[in-house]
Amino acid sequence: MTVKEWLNRAYGIEQAINALQHEQNKALARAVNANASGGGERTPKGSKNAAEEKFISYADYSAQIDERIDALYDTKQEIECVIAAIPDGELQALLTLRYLSFETWEQIAEHMHYSDKWVRTHLHSKALAAAEKIIF
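Residue indices follow the written sequence of each chain, beginning from 1 at its first position. Only residues with pLDDT of at least 70 are given local features in this predicted model, and only at 80 or more are side-chain atom pairs given and counted; all residues enter the totals for whole chains, interfaces and linings. To get the side-chain values, all heavy atoms of the structure are used, and hydrogens and water are removed first.

Note on conventions: DSSP H or I runs of at least 4 residues are helices, E runs of at least 2 residues are strands, and numbering of each starts at the N terminus. Of the regular secondary structure elements, the protein chain holds 5 helices and 0 strands. From first element to last, N terminus to C terminus, the protein chain shows the α and β order α-α-α-α-α. The 136 residues of the protein chain split such that 30% are buried. Residue pairs in contact within the protein chain that sit at least 24 positions apart in sequence constitute 64% of those at least 6 positions apart. The accessible surface values rely on the Shrake-Rupley method and a 1.4 Å probe; as for residues, cover is taken only from the protein chains in view. Approximately 8,500 Å² of the protein chain is accessible, and the part contributed by carbon and sulfur atoms is 52%. Each residue is assigned to one of three classes by its accessible area relative to the maximum for its type, calculated with a 1.4 Å probe on protein chains only: buried under 20%, partly exposed between the two thresholds, exposed over 50%. We call two residues in contact when some of their heavy atoms are within 4.5 Å.

Note on geometry: axes are lines fitted to C-alpha atoms, helical ones only across the stretch in contact, with angles between N-to-C directions running from 0 to 180 degrees. Where helix H3 (residues 89-99) meets helix H5 (residues 116-135), the axes come as close as 9 Å, and the angle between the chain directions of the two elements is 100°. Classified by the interaxial angle, the pair formed by H3 and H5 is roughly perpendicular. Judged by residue contacts, Glu-90, Leu-91, Leu-94, Leu-95 and Tyr-99 of H3 engage Val-119, Leu-123, His-124, Lys-126, Ala-127, Leu-128, Ala-130 and Ala-131 from H5. For the contact of H3 with H5, the per-class residue count stands at 10 nonpolar, 1 polar and 2 charged. Should an angle fall under 35 degrees it is called roughly parallel, over 145 degrees roughly antiparallel, and 65 to 115 degrees roughly perpendicular, with every other angle called oblique. Note on residue categories: nonpolar means Ala, Val, Leu, Ile, Met, Phe, Trp, Tyr, Cys or Pro, charged means Asp, Glu, Lys or Arg, and polar means any other residue, Gly included.

Before going further, it helps to examine the pattern of salt bridges. Any Lys or Arg side-chain nitrogen located within 4 Å of an Asp or Glu carboxyl oxygen qualifies as a salt bridge. All told, the structure shown has 4 salt bridges when counted by the stated rule. Here Glu-23 ties to Arg-30 by a salt bridge, and the two come within 3.5 Å at their closest N and O atoms. Classification of Arg-30 as partly exposed rests on a relative accessible area of 42%. Among the charged side chains, a network of salt bridges with common partners joins Glu-23, Lys-26 and Arg-30.

Let us now look at helix H4 (residues 105-112). Among all positions of H4, only Trp-105, Ile-108, Ala-109 and Met-112 are buried. The arc that holds the buried residues of H4, viewed along the axis, is 100°, so those residues lie on one side. Taken from the helix axis, the directions to the C-beta atoms give the arc we talk about.

Buried Ala, Val, Leu, Ile, Met, Phe, Trp, Tyr and Cys residues that are joined via side-chain atoms within 4.5 Å together make up what is termed a nonpolar core. In terms of nonpolar packing, the biggest core is built from 30 residues, with Leu-7, Ile-79, Leu-94, Leu-95, Ile-108 and Ala-131 touching the most fellow members. Aside from chain neighbours lying at most four places away, what touches Ala-131 is Val-3, Val-82, Ile-86 and Leu-95.

And the structure:
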């Protein structure tokens with residue numbers, strides 16, 4: 001795996017987190033809708049009604065999703081720590097803008113007051129080399 005591929009994992013992680021949060025919200029909506037339409041009546045002998053069962057099922061599913069999200073955040077934090085360990089603040093800024101904020105080269109160049117060609121070629125190469133020393 002190259003340094004660039006290693007850093008680019010953050011984008012996939014962000015997409016996965018968003019997808020999991022979306023699924024979690026859909027599951028909550030299903031549980032709430034089942035609870036709202038369930039009437040809240042208990043079945044004989046104090047057992048749980050269907051709405052309660054749906055909500056308990058949602059809570060378990062939501063906890064599983066939270067665990068997956070936490071694992072993804074751990075990986076993203078690893079990427080953030082490598083970037084933070086680079087001693088040059090300008091290189092840190094470039095890597096943060098590109099690999100954690102997902103900005104375009106043009107946006108990064110504008111933030112950094114350089115041409116996009118300079119940022120893409122010279123500065124990015126230096127930043128990748130600095131990150132490589134830390135990662136490998």
